[in-house]
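Here is how the chains run, residue by residue.
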Amino acid sequence: MYKFTSRVRYSELAPDKKLSLISIINYFQDCCTFEAEDTGVGLKWLNQHRTSWMLTNWQIHILRRPEYCEDIEIITWASGFKFFVGRRSFLIRTLSGGPLVYALSDWAYVNIDKGLPDKNVPGEELEAYGLADPIEKRFSEFGIPEDEKAKILRGKIDISFLHDNSDDSISRPRSIIVSGEHLDTNNHVNNAQYVNFAASVLPADYRTGIFRAEYKMQSKLGDKLYPIVKPTDNGYITVLTDENENVKLVCEFIS
C-alpha cells in the first residue's frame, strides 16, 4: 500500500469550492505514479523496457468531495493481476481516517513500440507492487459503508443508443481538437484530460456521485473528437468518437 498527503488547492476546485472529478482522477494518477517511481519501476524503467501501464477503465465512488484547503490522504495498492491486466484500488480519506472517495481500476501492460498488450511483465515490477485485497473487500477496514457494495457496477456501459436514430434525447455538442496540453508522456491524450472532454459537455452545475469510464482507443495530437451525450434516469452517458464514428471513450455519470 502506498500513500501520500496533500491539501486541496484552489486550482483543483469545481465552482462549488470542492475537489473536482478531474482533480480526483489526477490525485489517483499521481499516487500510483509516485509509487512506481519510489519502488524503482517508474518512467525510466518503463522507457528502458519500452512498455507502459495504460488505463482501461475507472469506477469512482464519491462519498464526499473534499473541500477547499482540506487535508487529505491518497492511498493506492495493486489488487489483482492476470495475463497483461493489473487491477488497482484507490482511496482518498481525511487525515483522521474518514473515507471520502474510493475507486477500482484496470490497467493493461502495453508494448509502446508495437502498441499491443504484453504478457511478459518483468518479475521485478510485480514484486515492486505486490498484491493485496481489493477495496471492495476492505470496506470495514476503511470505514466505508457496507451497502456501498451494492453500488459497485459490473459489466460494460450500455451504448446501444448510438444506433437509435430516433432518440431525440441524444445531443451532439461541438467537436474537440486535441492540442499539446492534452498529451501525456506517451504522447497521447492523458486519461484525466479524456474525462475532462467528456465532462465538459454536461450541464455546468452537474455533479456525479458514481463515475465509470471505459478507454477504447488512444487519441493523439490534432485528432478531432466528437462528443455524444445521452441523458439517463440517473445521470448521463457521454461517448467520444472519431470522424469515422469509432468509439474512443465511454463515460457514465450517475447522480
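Residues numbered from 1 in each chain as written. Predicted model: local features only at pLDDT ≥ 70, side-chain atom pairs only at ≥ 80, totals over all residues. Heavy atoms only, no water.

Colleague: Got a minute to help me understand the packing of aromatic side chains in this structure?
Modeller: One pair of aromatic rings is described through two measures. These are the centre distance and the angle between the planes. Going through the model one piece at a time under the given rule, you end up with 14 aromatic pairs. Arranged with centres 6.1 Å apart and planes meeting at 75°, the rings of tyrosine 10 and tyrosine 68 form a pair that is edge-to-face. Here tyrosine 68 lies in the loop between β2 (51-62) and β3 (71-82) and tyrosine 10 lies in the loop between β1 (2-7) and α1 (21-38), a separation of 58 residues in the sequence. Relative accessible area serves as the criterion here: at 64%, tyrosine 10 is assigned to the exposed category. For the ring pair tyrosine 194 and tyrosine 215, a centre distance of 6.0 Å and an interplane angle of 50° mean the geometry is tilted. Placement of the pair is tyrosine 194 in helix α5 (residues 191-199) and tyrosine 215 in strand β8 (residues 210-215), with a sequence separation of 21 residues. A relative accessible area of 3% places tyrosine 194 in the buried class. Counting every residue linked through ring pairs, the aromatic cluster contains Phe28, Trp58, Phe90 and Trp107. One residue, arginine 88, lies across the ring of tyrosine 129, its end atom 5.0 Å from the ring centre. When the ring centre of tryptophan 77 is taken as origin, the NZ or CZ atom of arginine 138, which lies over that ring, is 4.8 Å away. (Phe/Tyr/Trp six-rings, centres within 6.5 Å; stacked < 30°, edge-to-face > 60°. Helix = DSSP H or I, 4+ residues; strand = E, 2+ residues; numbered from the N terminus. Buried < 20%, exposed > 50% of the residue type's maximum accessible area, 1.4 Å probe, protein only. Lys NZ or Arg CZ within 6 Å of the ring centre and 35° of its normal.)

Colleague: I'm lost on the nonpolar core in this one. Help?
Modeller: A general trend in soluble globular proteins is that nonpolar side chains are found buried together. Judged by nonpolar contacts, the single largest core of 55 residues is most densely connected at Phe28, Trp58, Ile60, Ile92 and Phe211. The dominant element in this core, judged by the number of residues it contributes, is α1, at nine residues. Not counting the four nearest positions on each side in its chain, isoleucine 92 is found in contact with Ile24, Tyr27, Phe28, Pro66, Ile72, Glu73, Ile74, Gly98, Pro99, Leu100 and Val101. Residues Ile75, Leu91, Phe142 and Ile144 belong to the second largest nonpolar core, which totals ten residues. (Core = buried A, V, L, I, M, F, W, Y, C linked by side-chain atoms within 4.5 Å. Contact = heavy atoms within 4.5 Å.)

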